[in-house]
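Chain and residue survey
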4 protein chains.
Amino acid sequence: MNKTKIMSAAIDVFSENGYHRASMDDIALRAKVAKGTLYYHFPGKAQLFKTIVMDGLQVITDRIRNELRTDLSLEEQIRRIIRHNLDLFLDSSGFAHIVFNELSNGIDQEVLEELNELKLGYIRFIAEVLEGSREEGVMINVNCSLAAAGIVGLLNSSCDYFLTYGSSINRDDLEHFLYQIITTGLFLTPGGKPDGMLN
Amino acid sequence: MNKTKIMSAAIDVFSENGYHRASMDDIALRAKVAKGTLYYHFPGKAQLFKTIVMDGLQVITDRIRNELRTDLSLEEQIRRIIRHNLDLFLDSSGFAHIVFNELSNGIDQEVLEELNELKLGYIRFIAEVLEGSREEGVMINVNCSLAAAGIVGLLNSSCDYFLTYGSSINRDDLEHFLYQIITTGLFLTPGGKPDGMLN
Amino acid sequence: MNKTKIMSAAIDVFSENGYHRASMDDIALRAKVAKGTLYYHFPGKAQLFKTIVMDGLQVITDRIRNELRTDLSLEEQIRRIIRHNLDLFLDSSGFAHIVFNELSNGIDQEVLEELNELKLGYIRFIAEVLEGSREEGVMINVNCSLAAAGIVGLLNSSCDYFLTYGSSINRDDLEHFLYQIITTGLFLTPGGKPDGMLN
Amino acid sequence: MNKTKIMSAAIDVFSENGYHRASMDDIALRAKVAKGTLYYHFPGKAQLFKTIVMDGLQVITDRIRNELRTDLSLEEQIRRIIRHNLDLFLDSSGFAHIVFNELSNGIDQEVLEELNELKLGYIRFIAEVLEGSREEGVMINVNCSLAAAGIVGLLNSSCDYFLTYGSSINRDDLEHFLYQIITTGLFLTPGGKPDGMLN
DNA sequence: GATGAATGAGACTTCATTCAT
DNA sequence: TATGAATGAAGTCTCATTCAT
């Protein structure tokens, strides 16, 4: 399928160059189709981008949803959210980057709004999980959407750092650190729960 | 000073449109100078951008540094870091956005590296503060740079959400939430420290 | 018949957008056939256009010819020519427009010449009617083809004005005006034939 | 002046090819400037076209206005209008063609409306002259704007025919014919004013 | 110091046409 | 007969940069 080939090439090119530096020529070249073919399958650059983002978010959402069963403890749920987001941010860092960082640039207003809806949808999905835990009385009383947004930024930024400068850190450390800061924060708790014995 | 006028205009234009959609024409227009004048004072678009980012990070760094005296408790130091970052992200959200989100896109490789150095410098500056606290034994044992990077992402993303959808949240709540998640996390601590009585 | 459906759709699309802005996609869409089908029935866009123009001119020519019997007075013949041309220009203004105005633009040279032949044929047809009258001594001595060409332009342009700005004029006035200018001109005749009593 | 060179080249290219077939590349080539220079001086193709049309209509309007003094007889005024329009249509037939025929095609709606305003302005200008005569009681009672529109179409179409097929006609004949049809029409007048002795 | 006209590479997009099915 | 995916030439327009003044 050409359409698939195009989307795959587009993910690569967008990821490597960001939205603006990615050129339709490049995408066509990479997909080994004529430039016109892009426009046969997608109305334009912005919509191609949107389609990719939609698909990507759908995949990760589905993947997480499938693993989040209600019989899991909140701790385990948080852990899994972190793990899958790490998968997303580390394995598809270029893709994640354009979704979570480049969404507010100079994309056609119309498409930009849809994209922000998608991102918001993702945040809300995570917020729902938190919501569940809050109701169970495990979590402090916060605006869960705000918390979800913050968590995504935390994960994103940490992964960026990890990928760029984190040669001395291993992935498990990263995962552990993220779990820790999200659940119990950076401070040593009064009761003196020691580092490394959180579980 | 024309140079100052240009930089001021450039901040506005870059903030409003992002790096790529910002045009030298726009900047010249806004600065009320001829386009050629831009090139008299700056070698090119990328360098103009770099200069702005450098200046901006310097200003915020200095401002925080001036308020962080070693005789302050770590709690107060964290609180001040959060407060000043909120000032940055909320008051100059456009500027903060391009610094923390758009830095990895399609800017000339050469300049991009320098910009990442700047960003890293900022993260290290925050990391140093954390480092201090860790040595005092108030903080858990983590890679402070990683933590700093994560915190910046957390702040950035939370502010984005706050600015776009957070009409029901007030700034104090936001500040409180950030302090909480950074210091003690989202979970209720074993000892049962109740929400709202963190200080 | 698909061919008929295509021609009908093509008339609409060409009329609404002019030759150049009309796209084969639009025509196929409107005709509810696949784009390839257009090329099964017609060699290309220019030839499709030509076919439509030929058909249209044939229809109007036939219609007029059927009503012009030699036993009619010249006055009546002129009147009928005007009336049928008004029908054409007013009812099918889009079609008339492309035939009489857009014929000399950027259509493939080859087809363009054929189209001009068609238009010339139509002018000659009207010229013949005038010719007949001139021989009967009712008309002044002019080049009848030139007169016919002029009349078509007069009708065309008047109708354009009528359709765009002529809300205060009714069709009978328009018809009357055209009859008048063609037959006795704008000036009051020496004998003083008063307006409105021409018949 | 480059701007002048561009406008001059644009007149040629538009005249030869019509609006749609005229390409900005062609115009730049003909004007011997870089493509970007076109866009430095004009916002786009449509506006370049508009500017040309405005200028052209202004020139012809001014030229006629300068020669139309109120002490002239209506006959002489009509004669001069015809003469100057012939100058326009014959000497600059390509230009006249795009102004009077191609104005309704696929030009950007916005610019198209302005262009129609211009054309209407020209028609109104001629209508005013007619208006004057009607008030003097020399002319029959007609809607002068309608008559002006018709006259322009008559002139335009006659000139087209003359240029394409009129090798056997000379310009004086053409001028005479037009004067005749406009003033006294095609019919022999009751009083029997013989052809060729209209003055 | 400052200007602004000029440049040209490169971007996005359109669309008539082809062709394997 | 009919389809529709694919093509690629050609078009309009943007914009960072240069340079003579």
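Cut-offs and rules
Counting restarts for each chain: residues are numbered from 1 in the order of the written sequence. Chains carry letters from A onward and ligands carry numbers from 1 onward, assigned in written order. pLDDT decides what is reported in this predicted model: residues at 70 or higher carry local features, side-chain atom pairs at 80 or more are listed and counted, and totals for whole chains, interfaces and linings draw on all residues regardless. The basis for every side-chain value is the complete set of non-hydrogen atoms in the structure, without hydrogens or water. The criterion used for residue contact is that any of the two residues' heavy atoms lie within 4.5 Å. Neighbouring residues are identified by heavy atoms, a residue being near a molecule or strand if any of them is within 4 Å of it. Residues adjacent in sequence count toward polar contacts only when both atoms are side-chain atoms; beyond that, a polar contact is any pair of N or O atoms within 3.5 Å, and within protein one must be able to donate a hydrogen and the other to accept it. Helix numbering and strand numbering both begin at the N terminus, where a helix is a DSSP run of H or I of at least 4 residues and a strand a DSSP run of E of at least 2. Ten residues, namely Ala, Val, Leu, Ile, Met, Phe, Trp, Tyr, Cys and Pro, are considered nonpolar, four, namely Asp, Glu, Lys and Arg, are considered charged, and the remaining ones, Gly among them, are considered polar. Side-chain atoms within 4.5 Å are what join buried Ala, Val, Leu, Ile, Met, Phe, Trp, Tyr and Cys residues into a set we call a nonpolar core. Note on classification: 1.4 Å probe, protein chains only; a residue is buried when its accessible area is under 20% of the maximum for its type, exposed when over 50%, partly exposed between these limits. A fitted line through C-alpha atoms serves as each axis, taken over the contacting stretch for helices, and the angle formed by two N-to-C directions is quoted from 0 to 180°. For classification purposes, an angle smaller than 35 degrees is called roughly parallel, one larger than 145 roughly antiparallel, one from 65 to 115 roughly perpendicular, and anything else oblique. Handedness of a crossing is defined here by the sense of rotation of the near helix relative to the far one, left-handed for an anticlockwise turn of less than a right angle and right-handed for a clockwise turn. Salt bridges, as used here, are contacts in which a Lys or Arg side-chain nitrogen is within 4 Å of a carboxyl oxygen on Asp or Glu. Copies are brought into register by a least-squares superposition over C-alpha atoms of residues with pLDDT of at least 70 in both. Once two parts are joined, some of their accessible surface, as seen by a 1.4 Å probe, is lost; buried area is that loss totalled over both. Residue ranges for the domains trace back to a domain assignment, done automatically or taken from a database.

Some points on the arrangement of the chains
At no point do chain A and chain C touch; the closest pair of C-alpha atoms across them sits 12 Å apart. In this structure chain B stays clear of chain C, and the shortest span between their C-alpha atoms is 30 Å.

Quick word on the protein's contact with DNA strand E
Around DNA strand E, a shell composed of 30 residues is seen, among which T37 of chain B, M24 of chain C together with T37, Y40 and H41 of chain D lie nearest. Of what DNA strand E places within 4 Å of the protein, 66% of the atoms are sugar or phosphate. A distance of 2.7 Å separates a phosphate oxygen of DNA strand E from a polar atom in the side chain of K45 of chain A. Contacts to DNA strand E include A34 of chain D, whose backbone N or O atom sits 3.0 Å from a phosphate oxygen. For the surface near DNA strand E, the elements supplying multiple residues, two or more each, are α3 (35-41) of chain A, α3 (35-41) of chain B, α3 (35-41) of chain C together with α3 (35-41) of chain D. Here the residues of the surface near DNA strand E sort into 12 nonpolar, 12 polar and 6 charged.

A few points about the nonpolar core
Ranked by internal contacts, the top residues of the largest apolar core, which has 148 residues, are F14, I27 and L186 of chain A together with F14, I27 and L186 of chain B. Grouped together as the second largest cluster of nonpolar side chains are 147 residues, I27 and F42 of chain C together with L48 and I82 of chain D included.

Regarding the packing of helix α7 (residues 109-135) of chain B against helix α8 (residues 144-165) of chain B
All names here are of chain B. Contact geometry of α7 with α8 gives a least axis separation of 8 Å together with a crossing angle of 120°. In terms of orientation, α7 lies oblique with respect to α8. The two elements α7 and α8 cross, and the hand of that crossing is right-handed. Residue-level contacts link Y122, I123, R124, I126, A127, L130, E131 and R134 of α7 to C144, S145, A147, A148, A149, I151 and V152 of α8. Tallied by class, the residues present in the contact of α7 with α8 amount to 11 nonpolar, 1 polar and 3 charged.

Let's talk about the pattern of salt bridges
Taken as a whole, this structure holds 39 salt bridges over all chains when the rule is applied. The salt bridge partner of D87 of chain B is R171 of chain B, with a shortest N-O separation of 3.0 Å. Here R171 of chain B lies in helix α9 (residues 171-183) and D87 of chain B lies in helix α5 (residues 74-91), a separation of 84 residues in the sequence. Judged by its relative accessible area of 26%, R171 of chain B falls in the partly exposed class. Salt-bridge contacts for R171 of chain C lead to E175 of chain C; the nearest nitrogen and oxygen are separated by 3.5 Å. Here E175 of chain C and R171 of chain C lie together in helix α9 (residues 171-183), a separation of 4 residues that amounts to about one turn.

Digging into the relation of the copies chain C and chain D
Here chain C sits on chain D after a turn of 180° about the axis and a move of 0.1 Å along it, with an RMSD of 0.2 Å. Overall, the copies show the geometry of a two-fold rotation axis.

Let's talk about the interface of chain C and chain D
Tallying the contact residues gives 49 residues for chain C and 50 residues for chain D. Carbon and sulfur atoms supply 66% of the area that chain C and chain D bury against each other, a total of about 4,700 Å² over both sides. Where chain C meets chain D, there are 10 residue pairs in polar contact (both at pLDDT 80 or more). Elements with a contribution of two residues or more to the side of chain C that touches chain D: α1 (2-21), α5 (74-91), α7 (109-135), α8 (144-165) and α9 of chain C. Residue contributions to the side of chain C that touches chain D peak at 12 residues, all from α8 of chain C. Taken together, the residues that form the side of chain C that touches chain D break down as 23 nonpolar, 21 polar and 5 charged.

Quick look at the relation of the copies chain B and chain A
Screw-axis analysis of chain B against chain A gives a translation of 0.1 Å along the axis, an RMSD of 0.1 Å, and a rotation angle of 180°. A symmetric contact is evident, with 98% of the interface residues of chain B recurring at the interface of chain A.

Description of the interface of chain B and chain A
In this assembly, 49 residues from chain B lie in contact with 49 residues from chain A. In total, about 4,700 Å² of surface goes out of reach between chain B and chain A, with carbon and sulfur atoms giving 66% of it. The interface formed by chain B and chain A includes 0 salt bridges. Applying the counting rule to chain B against chain A returns 10 residue pairs in polar contact (both at pLDDT 80 or more). Sort the elements by how many residues they give to the side of chain B that touches chain A and α8 of chain B lands first, with 12 residues. Grouping the constituent residues of the side of chain B that touches chain A by class yields 23 nonpolar, 21 polar and 5 charged.

Re the domain arrangement of chain A
How big an interface is tends to be stated in terms of the accessible area lost upon association of its parts. All names here are of chain A. Once the domains are mapped, chain A shows domain 1 (1-42) and domain 2 (50-183). Domain 1 and domain 2 are separated by 26 Å when their C-alpha centres are compared. The interface of domain 1 with domain 2 comprises 9 residues on the first partner and 10 residues on the second. Summed over both sides, the interface of domain 1 with domain 2 buries roughly 800 Å², with 72% coming from carbon and sulfur. Counting across the domain 1 and domain 2 interface gives 0 salt bridges. Broken down by class, the residue content of the side of domain 1 that touches domain 2 amounts to 6 nonpolar, 3 polar and no charged.

Comments concerning the protein's contact with DNA strand F
Among the 31 residues in the neighbourhood of DNA strand F, the closest are listed as T37, Y40 and H41 of chain A, M24 of chain B together with T37 of chain C. When atoms of DNA strand F within 4 Å of the protein are sorted by moiety, sugar and phosphate together comprise 64%. With respect to DNA strand F, the side chain of K35 of chain B contributes an N or O atom lying 2.8 Å from a base oxygen. In this structure, Y40 of chain C approaches DNA strand F through a side-chain N or O atom, which is 3.1 Å from a sugar or linking oxygen. Mapped by element, the contributors of at least two residues to the surface near DNA strand F are α3 of chain A, α3 of chain B, α3 of chain C together with α2 (24-31) and α3 of chain D.

Some remarks on the side chain of N85 of chain D
All names here are of chain D. As for its placement among the helices and strands, N85 is situated in helix α5 (residues 74-91). On the accessibility criterion, N85 (0% relative accessible area) is buried. In contact with N85, other than residues within four places in its own chain, are I64, Y122, I126 and L155.

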